[in-house]
Amino acid sequence: MAQEKIELPKGRAPFSEAFKAFISQGWSPYDPNPPQTLASAPSAAAHRLEASQLFPGERLVIPAGAYKVRNNDCDYAFRPHSGFAQMTGLGTDREPDAVLVVEPDASARLYFHPRVPRTDPEFYASPRYGEMWVGQRESLDEMSALCGFPTGDITELPQALTSGHGRVPLRVVRDADPSVTALVDALRGEAQLDRDSELSTALSELRLVKDDWELAQLREACRLTALGFEDVVANMARAVEYGRGERWVEGIFGLHARHDGNAVGYDTIAAAGDHANTLHWVRNDGPLVPGELLLMDAGIELDSLFTADITRTMPVGGHFSEEQRQIYDAVRAAQQTGMDAARPGAQFADVHAAAIGVLTQAFADWGILPVSVDEALSPQGGQFRRWMVHGTSHHLGLDVHDCAQARAEHYRLGELRPGMVITVEPGIYFKSTDLMVPPQLRGIGVRIEDDIVITPNGYEILSSHLPRDSHEVESWMSTIAPR
């Protein structure tokens, strides 16, 4: 964690003494007014207190993470570890290489690489931290004002982790930053995987129930995501005309994500025709063909890093065929049944059970289920999974698949509680090569996905801005892009 040594990229001429004297002069002073504290700060402070209370007398180490190389000297866009964002309130691309330390008394300090004076070579020579390269960074005081709690220079981290009377037990989020994990392991004298895993689990479980500020973020993410979907419909004719329409769809939505938020919350799925039957189709290099369907699964991630996760299946020509509507309406019925099962005290798994019950009955009615509905739904059966492979729900928040490290008894086998945000997303996937399916249904894939929050009396649809019923989808599309 030592101060970075400034090294010139290969092939660059050294800086002359005259340049060094010149580059440091003639700049306007930095704004003396501190930045406004982030709106996320109270929520983050509450999370830090909750986490500290789960591990009394211990020091919690939560890194933001480091840049990851994409190719050669180009990095992927930086996004902090979700646990770091949860506990600091920092979003967007803040703050590579930073580390949050929560002390046994629940106080906290953020260690990061602060802005250096313009007389420092880093100002003009460091492509990682230099202001001439990556823009103006915060000072220690500015970052403290932004987060609402004290900060320190990252070079002070080793000393901070060994301070205090005796040896304070350490836990670290292991997967966030290998260099910080190695430091913690060295200070402890060994890797303590179980203890660190318990911290990651705790951070996940603290996100199972969202507070009012977090719910407001998710509502806004859903609202903005709906606008992105509307613009895709408005541009669908161009996507058809220009070819490689899946990429056009991805690009239109990505424009909204970058303009209205931080980025997409996950790689956009723009799956036309038979591509819709590949669950994670993100290549997005196919055409949009009138008469086929477009399955679009996308979400805008806000600057706070909370993301929506919405799927709509839309007829490229504006109208469903009889066969497409048959499949779509079955998925829509399954989704509604799944939603109706989502209420406080119900099991998380009840939503999936309700949805697949409807779908399995549809498969039986269409004559493609090789066994009875009861047998297919039994643990010894599962034949319905040929056409509905995935789960119907997952938690949603800072991660599109939020709370992934939570224990099964609190997640997959747990009860729904007010403030939990989950998706409801059944689908039917009839691949073009599936000879068990009637020819007229082959190549049709449909998924409908909405984000809901469990309320004291049931649920609220956060993504209600977009229509779900097949006739309403057609009407919505004709209003946006009359044909």
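Before any of the text, the structure's been laid out above.
Read on for a plain summary of the structure. (Residues numbered from 1 in each chain as written. Predicted model: local features only at pLDDT ≥ 70, side-chain atom pairs only at ≥ 80, totals over all residues. Heavy atoms only, no water.)

## A short note on the packing of aromatic side chains
Thinking step 1. Inspection of the entire model under this criterion finds 15 aromatic pairs.
Thinking step 2. Both rings, one in F15 and one in Y124, keep their centres 4.9 Å apart while their planes meet at 75°; by these two values the pair is edge-to-face. Pair noted here: F15 is in the segment before α1 (17–23) and Y124 is in helix α4 (residues 122–125), with a separation of 109 residues, a long-range link.
Thinking step 3. Here the aromatic rings of Y242 and W248 are separated by 5.0 Å at their centres, their planes lie at 75°, and the arrangement is edge-to-face.
Thinking step 4. Through pairs of rings, three or more aromatic residues link up here, namely F363, W366, W387 and F430.
Thinking step 5. Across the ring face of F149, the terminal group of R48 is positioned such that the distance to the ring centre comes to 4.2 Å.
Thinking step 6. Residue placement shows R115 over the ring face of Y30; its charged tip is 3.8 Å from the ring centre. (Phe/Tyr/Trp six-rings, centres within 6.5 Å; stacked < 30°, edge-to-face > 60°. Helix = DSSP H or I, 4+ residues; strand = E, 2+ residues; numbered from the N terminus. Lys NZ or Arg CZ within 6 Å of the ring centre and 35° of its normal.)

## Thoughts on the sheet that holds strand β7 (residues 170–172)
Thinking step 1. Pairing is mixed in the open sheet, where five strands are placed in the order β6-β5-β4-β1-β7. Unpaired on one side and paired on the other, β6 (151–153) and β7 mark the two borders of the sheet. Mean inter-strand twist for the sheet, computed between neighbouring axes without regard to direction, equals 25°.
Thinking step 2. In terms of strand pairing, strand β1 (residues 59–63) meets strand β4 (residues 99–102) through four bridges, oriented antiparallel. If you follow P63 over to β4, its bridge partner there is V99.
Thinking step 3. The strands touched by helix α2 (residues 41–54) are β1, β4 and β5 (108–112); relative to β4, the strand with the most contacts, the crossing angle is about 55°.
Thinking step 4. Sheet contacts for helix α8 (residues 178–188): β1, β4 and β7; angle to β7, the most-contacted strand, approximately 160°. (Pairing = 2+ DSSP bridges. Axes fitted to C-alpha atoms, helices over the stretch in contact; angles between N-to-C directions. Contact = heavy atoms within 4.5 Å.)

## Side note on helix α14 (residues 348–365)
Thinking step 1. With 18 residues, α14 should cover 26 Å at 1.5 Å per step; its first-to-last C-alpha distance of 27 Å lies within 8% of that length.
Thinking step 2. Among the residues of α14, F348, V351, A355, I356, L359, T360, A362 and F363 are the ones counted as buried. Buried residues of α14, seen end-on, are gathered within an arc of 155° and therefore sit on one face of the element.
Thinking step 3. The inward-facing, buried residues of α14 contact α13 (322–340), α15 (373–377), β13 (421–424) and β14 (427–430). (Expected span 1.5 Å × (residues − 1). Buried < 20%, exposed > 50% of the residue type's maximum accessible area, 1.4 Å probe, protein only. Arc of directions from axis to C-beta.)

## Structural notes on the sheet that holds strand β10 (residues 293–298)
Thinking step 1. Pairing in this open sheet of three strands is antiparallel, and the strands run β9-β10-β12 from one edge to the other. Each end of this open sheet is capped by a strand with a single partner; those strands are β9 (269–272) and β12 (310–315). Neighbour to neighbour, the strand axes of the sheet diverge by 10° on average, direction disregarded.
Thinking step 2. Bridge count between β9 and β10: four bridges; the pairing is antiparallel. Looking across to β10, one finds that I269 is bridged to D297.

## Looking at the packing of helix α10 (residues 212–234) against helix α12 (residues 245–260)
Thinking step 1. Running from amino to carboxyl end, α10 crosses α12 at an angle of 145°, the nearest separation of the two axes being 9 Å. You can see that α10 and α12 cross each other, and the crossing is right-handed. Between α10, through L224, T225, L227, G228, F229, D231 and V232, and α12, the contact on the second element is made entirely by V249, I252, F253, H256 and D260.
Thinking step 2. Residues of the contact of α10 with α12, tallied by class, amount to seven nonpolar, three polar and two charged. (Left-handed = near helix turned anticlockwise from the far one by under 90°. Nonpolar A, V, L, I, M, F, W, Y, C, P; charged D, E, K, R; others polar.)

## Focus on a nonpolar patch on the surface
Thinking step 1. Judged by side-chain polarity, W27, M132, W133 and V134 come together as a nonpolar surface patch covering roughly 400 Å² of accessible area.
Thinking step 2. Turning to its location among the elements, V134 is positioned in helix α5 (residues 131–134).
Thinking step 3. Owing to a relative accessible area of 42%, V134 belongs among the partly exposed residues under this scheme. (Patch = residues over 30% accessible without salt bridge, like charges linked within 9 Å, V, L, I, M, F, W, Y side chains within 5 Å. Areas by Shrake-Rupley, 256 points an atom, 1.4 Å probe, with all protein chains shown as cover. Salt bridge = Lys/Arg side-chain N within 4 Å of Asp/Glu carboxyl O.)

## Comments concerning the layout of surface pockets
Thinking step 1. Taken as a whole, the second largest pocket spans an internal volume of roughly 370 Å³.
Thinking step 2. In terms of lining, the second largest pocket is formed by 17 residues, of which the most central are H280, D297, H394, H401 and E425. (1 Å grid on protein atoms, 1.4 Å probe; cavity = no way out; pocket = protein on both sides within 12 Å on 5 of 7 lines; lining within 4 Å. Points joined across faces, edges and corners; volume = space filled by probe spheres on them.)

## Focus: the pairing of β1
Thinking step 1. In terms of burial, β1 is a largely internal element, five of the five residues being buried.
Thinking step 2. Across the two faces of β1 the burial is the same, with R59, V61 and P63 and L60 and I62 all buried.
Thinking step 3. Here three bridges tie β1 to β7, and the two strands are oriented parallel to one another. Bridged to V61 within β7 is V172.

## A short note on the environment of P56
Thinking step 1. Within the fold, P56 resides in the loop between α2 and β1.
Thinking step 2. Distance from P56 to E103, taken between C-alpha atoms, is 9.4 Å for residues 47 residues apart in sequence.

## Section: α12
Thinking step 1. Between its first and last C-alpha atoms α12 spans 23 Å; for 16 residues at 1.5 Å apiece the expected length is 22 Å, and the two agree.
Thinking step 2. Buried residues of α12: G245, E246, V249, I252, F253, H256 and A257, and no others. For α12, the angular spread of the buried residues around the axis is 140°, confining them to a single face. In α12, the exposed residues that point more than 90 degrees away from the buried face are L255, R258 and H259.

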